[in-house]
Amino acid sequence: MEAMQTYNLTKTYGNKTVVDHINLSVKKGTIFGFLGKNGAGKSTFINMITGLIHPTSGSFEILGHPAGKLKDIQQAIGVLPDYSTFYDDFTALDHLKYFSKLLHVPFSKQELIAILERVGLEDAIHVKAKNFSFGMKKKLGIAQALINQPEILFLDEPTSGVDANAVLNIHSIIDEIAAKGTTIFLTSHNLNEVEKLCDEIAIMNQGVIQKQGNMKQLRDQFSQEIIIHIQHRMITEEEQQQLKTGLCELTDKLEIDETNSEIVVSANGRIPQVNKWFVQHDIDVFRLEVDEPSLEEIFLQLE
Amino acid sequence: MFTIAFREFRSLFTSIRSILIIIVLFGVTVGAARLVRQFEEQLQELGLGQDAYAMGLMLLLILASPLFVTSIAHNVVNKEIADRTIRFLATKTTRNRIIFGKFIGHFLFWSICLTVALLLIVPFSKSFAILDLLQAIIFVSYFIGWTLFLSTSITKPALTMFLGITLSIALPILGLWSTGTDNWFIKIVGYLTPYFYYTQGDDSYYAYLVVIFPIIFILGSLLIFRKRDL
């Protein structure tokens, strides 16, 4: 079943099309990463799906609920907007009480405190939001998105501006929630984070989705060669000649290090054959490192 | 809806500005009632009777309630938009409920303030002016609705503050002027203010017609807010 499906979803401001006829489907239970430069249209897309912005044209469904069924959608989703402030006069706990009442979620005080503890706000339960740091506000934003135990969680830049420990904590929360079957729709500028967490990724640029797929599919689309760094024992000139002749049949690219102890080959998926060649010619291999393109490299290739 | 209303209501009672307004409201009401008691016989002769005790409150409301309401409610919606706290509300409840909740919160605040103000007169007048209370609440509702509409239509709180204060001064002047002029433009403006309806005599039911205005203002706010991108 699809957790979310959009049909030609479009948003224009005057003559500028920010989101351009996007057809996107997100499978239930996946962590979906949404990537793009600033101004690519990611937040506008999320804001349309979550009911904050009206689409110019097109429509969408969330868990089978059409866009017009806002109440059903609100009960099923949790949203961390891209940038938000909180009520200065409310404590962290007051916020959760207020938001849970708005959603008609019958949470006890202890349950709300447990959510705050889970996001790392155990020391700020009774602290007013006006005294919160940016990172604390981000954590509270995640906490409020969790109060209705959503089936789909929209996280817009959940780790931007938070310290390394908090990032790890947020990652573990995402993993934990995803393990329970919640679909997570995540936007981030941190490409490593998306690569680490997401099952499927869409890359958006100038309002359109340029590429979509899992990491393997994206790598296959963007890099025809897999580079293997092989560290081996020192070899003689005769062995080096044999190596050149032998590996030329298996690879298009062969670079031999000056010290004759490391070679770089483009294997195109023929890693076992390359490895076997070394074994057959009795050349000890100390290290074999497969250098696949990272999401960052793929992302940069799109620019 | 009532969650938002209660939040508004509670925050109004804890704001310094609101507390100052409550002090002025209660102070003027009690002060005027004491003054009336000193001239009770003369006022009875003039036929003002028990109504004179609530006169101070009514006069204060007629002249200053636009300013009072505007000063505490000019940013009732657009502050949430500017601060982006609205995003938490709009992803959890409907926009209709946000607007109704905001109105109800302010309506309750003023209803309670006016009720208490009139209760403070009871020791002097020995009676509770229920019709005066009703009319006072309707009068203030006009300005709550109007301020809500302004705050929904204009996204910048500083601009609604400026416009609110300007119109709060202009409206009573235009409204009262319209009751004694033949200028057709001022007369038309007068029909759009509550002042025309509140100056049609004690026994007229015109004052109750003013209730239509807050309804129009709320409907206008809903129309705008439902279409607004947050």
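Preceding block: the structure.
Remember, predicted model here, so these are calculated numbers, not experimental data.

## Describing the environment of Thr155 of chain B
Okay, step 1: Considering the arrangement of structural elements, one finds Thr155 of chain B in the loop between helix 8 (130-153) and helix 9 (157-178).
Okay, step 2: Taking the C-alpha atoms as reference points, Thr155 of chain B and Ile81 of chain B, separated by 74 residues in sequence, lie 7.1 Å from one another.

## Remarks on the interface of chain A and chain B
Okay, step 1: Taken together, the 22 residues of chain A in the interface contact 17 residues of chain B.
Okay, step 2: Among the secondary structure elements, those contributing two or more residues to the side of chain A that touches chain B are helix 2 (70-76) and helix 3 (92-102) of chain A.
Okay, step 3: With four residues, helix 3 of chain A is the single largest residue contributor to the side of chain A that touches chain B.

## What to know about the packing of helix 9 of chain B against helix 10 (residues 184-191) of chain B
Relative orientation and spacing of two packed helices are given, respectively, by the angle between their axes and the distance between those axes.
All names here are of chain B.
Okay, step 1: Axis separation between helix 9 and helix 10 bottoms out at 8 Å; the angle between their running directions is 115 degrees. One finds that helix 9 runs roughly perpendicular with respect to helix 10. By crossing handedness, the relation of helix 9 to helix 10 is classed as left-handed. Of the residues in helix 10, those in contact with Leu174, Gly175, Trp177 and Ser178 of helix 9 are Ile186, Lys187, Val189 and Gly190.

## Description of helix 4 (residues 109-118) of chain A
Residues and elements named next belong to chain A.
Okay, step 1: Turning to helix 4, its buried residues are Leu112, Ile115 and Leu116. Down the axis of helix 4, the buried side of the element spans an arc of 100 degrees, and every buried residue falls inside it. For helix 4, the exposed residues set more than 90 degrees away from the buried face come down to Gln110 and Ala114.
Okay, step 2: Close packing links the buried residues of helix 4 with helix 3 and helix 5 (134-146).

## Some words on the pairing of strand 8 (residues 152-156) of chain A
Residue and element names in this part refer to chain A.
Okay, step 1: Most of strand 8 sits inside the fold, with five of its five residues counted as buried.
Okay, step 2: Burial along strand 8 is two-sided: the face carrying Ile152, Phe154 and Asp156 and the face carrying Leu153 and Leu155 are both buried.
Okay, step 3: Sheet analysis places strand 7 (residues 77-80) next to strand 8, joined by four bridges and oriented parallel. Bridging from a neighbouring strand, Leu80 pairs with Leu155 of strand 8.
Okay, step 4: In terms of handedness, the path from strand 8 via helix 6 (residues 164-179) over to strand 9 (residues 183-187) forms a crossover that is right-handed.

## Focus on the nonpolar core
Among soluble globular proteins, nonpolar side chains are generally buried collectively.
Okay, step 1: Judged by nonpolar contacts, the single largest core of 124 residues is most densely connected at Phe154, Ile184, Phe185 and Leu186 of chain A together with Val140 and Ile144 of chain B.
Okay, step 2: Setting aside its immediate chain neighbours within four residues, Ile184 of chain A contacts Ile31, Phe32, Leu153, Leu155, Ile174, Ile177 and Ala178 of chain A.

## Structural notes on unusual backbone geometry
All names here are of chain A.
Okay, step 1: Residue Asn8 is not a glycine yet carries a positive backbone phi of 50 degrees.
Okay, step 2: Checked against the element boundaries, Asn8 lands in strand 1 (residues 2-13).
Okay, step 3: Here the phi dihedral of Gln149 falls at roughly 45 degrees; this positive angle occurs in a residue that is not glycine.
Okay, step 4: When you line up the elements, Gln149 lands in the loop between helix 5 and strand 8.

Calculation rules
- Residues numbered from 1 in each chain as written.
- Chains lettered and ligands numbered in written order.
- Predicted model: local features only at pLDDT ≥ 70, side-chain atom pairs only at ≥ 80, totals over all residues.
- Helix = DSSP H or I, 4+ residues; strand = E, 2+ residues; numbered from the N terminus.
- Contact = placed C-beta atoms within 7 Å.
- Axes fitted to C-alpha atoms, helices over the stretch in contact; angles between N-to-C directions.
- Parallel < 35°, antiparallel > 145°, perpendicular 65-115°, else oblique.
- Left-handed = near helix turned anticlockwise from the far one by under 90°.
- Buried ≥ 20, exposed ≤ 12 C-beta atoms within 10 Å, placed from the backbone.
- Arc of directions from axis to C-beta.
- Pairing = 2+ DSSP bridges.
- Right-handed = clockwise from strand over helix to strand, strands pointing away.
- Core = buried A, V, L, I, M, F, W, Y, C linked by C-beta atoms within 7 Å.

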